[in-house]
Amino acid sequence: MTEKIIQVENLQRTFGANRAVDGMTFQVEPGEVFGLLGPNGAGKTTTVRLLNGILPPSAGTMRVFDLDPAAQGELVRRQTGVLTETPSHYERLSARENLEFFGTLTGIAPADLPRRVDEMLSFFELAHRADDKVETFSKGMKQRLALARALIHQPPLLFLDEPTSGLDPEAAQQVNDLIANLGRRNGQTVILATHNLLDAQRLCDRVAILNKGRILALGSLKELARKLWPVTWVDVTLFNGASAESASASIQALRGVRQVSAEKESLAIQVEAEEIIPQVVSALAANQFPILKVKPRDYTLEDIYFALQAGEA
Amino acid sequence: MNWRSIWAIARKDLKEVRQNKAAWAPAIVVPLVFAVIMPLVFIILPQVIPVDDVQRELGDIDALLRNMPPALKAIFDDKSLEQMFVIYMAGFMLAPMFLIMPLMFSSVVGSDSFVGERERKTMEALLYAPTSDMELFLGKVLAAVLPAIGLSWLTYVVYAIVVNAASFSLMGGLWFPLASWWPMMFWLTPALAVLGISATVLISSRVKTFMEAYQLSASLVVLVLALVFGQISGVLFLGVGTVLVIGTLVWAVDALLIYLSVSNFKRSSLVAKL
Ligand SMILES: Nc1ncnc2c1ncn2[C@@H]1O[C@H](COP(=O)(O)OP(=O)(O)OP(=O)(O)O)[C@@H](O)[C@H]1O
Ligand SMILES: [Mg+2]
């Protein structure tokens, strides 16, 4: 027995000579929002298919809810919801009919089904169009319906493949807010496959950065940044006219400060760790230097992502 | 085996196909032609055209009758020439036409539900549903076979009513269906419906669009009919025994095709074709 929701070891899947998934190893904890990040063809969709047991692996082991998806796919899929890359519905049927169909397949009892469907429709703001054919829906509405379909049986594990692709900023924001709520509020575990780095940065607790079927890096944003750039930078701006040059002299000797460069009223200071930053600030203040702004340099997922993908190329 | 899922899939497929005009339009037109227009033409014809022409037509029938097995020949005993013509046309000549319907209906619905689902990109979500491959397969097969059999039976009923009504005064009572029509309805028709769908499933794994599958299945229908017609118009008459034998042969082919299509219908191979 294990508390991990997903355990994958050296997972591989080849299509002819193409290694779509090439030896992945990772684990996902309950309640986590776990990102699968990578460029086109990195193997995100293939990984989702493998973990749901609709595609058999070529080699390696995987456990989902301590089940083997390749052999016990039905049992795994009973507990997962999947938002597929292209959210296609039965366009000639209504939103309600689409949800009733998938609700039945996922085993919701007939007595509960109408209520569940109504809840989903109103939660995703589709109630007023519930009985219209899906072919009359906008892309954003279809995406929300696809989310409703993935969530209707309240699966403890949710896979979202490019949930915001092709949506306008407002609809994308709506979908992202929803995802953010899922993990936090319902304790659902979410696997988010995306190449939208901002979304991933905002939503994911940990990410696996993929390229050509392999994991380049794995961890939280902070962990990844520290691994790539073990030192911390802080930018300090002094108030109008104060000389950064002379300020730099007053902090150069501080413990933990590695390097200082000054230009006009700006200082760029490299420190060993974040804890050093307050000491730098008090030293400057003690020497009467007027501080306007202190800004530790944050690495975005984008910085990390491009650093990794560049290293790969 | 989860029958609730299987029925849900079958019902969903039927709801969908109802919206596909290209699929159901022939399902209305063909039965109408076979069950209403053709029998009327053949029954009314000998009653209105000049006696000479009937006589000439019936000359052919006389020749045919001489080659008939005795059991069938008995049906024609003590009948007038006009009556013989009607029995021959409505009871025997048109019979093979009815074999088109189960084949056609089931392969049209099958084309829509197996290929159409992939063409419209809804297959992937369905594959992620917690059903087994077998349940998915059965749901889709039922969606094709049940309405095919139902519509065929409905056509038989309409045909029986039209034939009896139109020939009531000529024949002096109800005479249809003949004995051989019973095994046709309950043995051969279901076998052909299953033949239509299982062939379509095999075809569907090789084509990309509903239209392709539709056309291929249609050519299959024509092929089967050509075979059947060739047999019948030459030597065979659809007596009870003949129908039972043909039915059994078709069921045997069905068993083989179903075996092949089940082993073809796997999530893993379906997902590779998305
Ligand atoms: N059914 C298949 N047959 C052959 N090759 C495949 C198949 N499915 C995926 N591949 C290949 O596997 C690799 C990974 O594809 P996958 O769809 O998993 O990538 P992805 O990360 O989801 O990309 P995207 O961001 O474009 O969705 C690609 O090179 C793709 O061409
Ligand atoms: Mg993908």
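Caption draft 1: Representation of the overall build of chain A. Assigned secondary structure in chain A consists of eleven helices and 13 strands. Here the C-alpha atoms of chain A give a radius of gyration of 24 Å, more than 25% beyond the 20 Å that 2.2 N^0.38 yields for 313 residues. Projected onto its principal axes, the C-alpha coordinates of chain A cover approximately 75 × 45 × 35 Å. Taking all 313 residues of chain A together, the buried fraction comes to 50%. For chain A, the accessible area works out to roughly 14,400 Å², and carbon and sulfur atoms hold 49% of it.

Caption draft 2: Fine view of the overall build of chain B. Within chain B, the secondary structure is distributed over twelve helices and zero strands. Taken from N to C terminus, the helices and strands of chain B fall in the order α-α-α-α-α-α-α-α-α-α-α-α. Once local pairs closer than 6 in sequence are excluded, the contacts in chain B between residues at least 24 apart make up 85%. Counting every atom, chain B has about 11,900 Å² of accessible surface; 71% of that belongs to carbon and sulfur.

Caption draft 3: Layout of the nonpolar core. Core analysis: the biggest nonpolar cluster contains 111 residues, and A:Ile6, B:Tyr159, B:Trp175, B:Trp181 and B:Met184 have the highest contact counts within it. Of the residues forming this core, the biggest block, 13 residues, is contributed by helix α9 (residues 181-204) of chain B. A:Ala95, A:Ala172, A:Ala217 and A:Ala225 belong to the second largest nonpolar core, which has 48 residues in total.

Caption draft 4: Region of the structure containing the coordination of the magnesium ion (ligand 2). For the magnesium ion (ligand 2), every protein donor is listed as A:Thr45 (OG1) and A:Glu85 (OE), and the spread of their distances is 1.9 to 2.6 Å. Taken together, the residues A:Thr45 in helix α1 (residues 44-51) and A:Glu85 in the loop between β5 (80-83) and α3 (95-105) connect sequence positions 40 residues apart.

Caption draft 5: Focus on the side chain of B:Ser152. Residue and element names in this part refer to chain B. With respect to the secondary-structure elements, Ser-152 resides in helix α8 (residues 133-171). Look at Ser-152 and you get buried, because its relative accessible area is 0%. With near-sequence residues (within four places) excluded, Ser-152 lies in contact with Met-101, Pro-102, Phe-105 and Thr-189.

Caption draft 6: The arrangement of the interface of chain B and chain A in detail. Each partner contributes to the interface: chain B provides 29 residues, whereas chain A provides 30 residues. Between chain B and chain A lies a buried interface of about 2,700 Å² when both sides are counted; carbon and sulfur atoms form 62% of it. Among the residues of chain B in contact with chain A, B:Arg4, B:Tyr128 and B:Pro130 are the three that bury the most area, contributing 30% of the side total. Our count for the contact surface shared by chain B and chain A stands at three salt bridges.

Caption draft 7: Region of interest: the site of ligand 1. With respect to spatial proximity, 14 residues lie near ligand 1, and among them A:Gly41, A:Lys44, A:Thr45, A:Thr46 and A:Glu85 are the closest. Mapping the residues adjacent to ligand 1 onto the chains of the assembly identifies chains A and B. Within the backbone of A:Gly43, an N or O atom sits 2.9 Å from an oxygen atom of ligand 1. Listed by contribution, the elements that provide at least two residues to the shell around ligand 1 are β2 (18-28) and α1 of chain A.

Thresholds, definitions, all that
- Residues numbered from 1 in each chain as written.
- Chains lettered and ligands numbered in written order.
- Predicted model: local features only at pLDDT ≥ 70, side-chain atom pairs only at ≥ 80, totals over all residues.
- Heavy atoms only, no water.
- Helix = DSSP H or I, 4+ residues; strand = E, 2+ residues; numbered from the N terminus.
- Rg over C-alpha atoms; globule rule 2.2 N^0.38 Å.
- Buried < 20%, exposed > 50% of the residue type's maximum accessible area, 1.4 Å probe, protein only.
- Areas by Shrake-Rupley, 256 points an atom, 1.4 Å probe, with all protein chains shown as cover.
- Contact = heavy atoms within 4.5 Å.
- Core = buried A, V, L, I, M, F, W, Y, C linked by side-chain atoms within 4.5 Å.
- Donors = N, O, S within 2.8 Å, 3.2 Å for Na, K, Ca; no water.
- Buried area = accessible area lost by both parts, 1.4 Å probe.
- Salt bridge = Lys/Arg side-chain N within 4 Å of Asp/Glu carboxyl O.
- Near = heavy atom within 4 Å.
- Polar contact = N/O pair within 3.5 Å; in protein donor to acceptor, adjacent residues only side chain to side chain.

The quantities given are spatial measurements derived from coordinates; they are silent on function.
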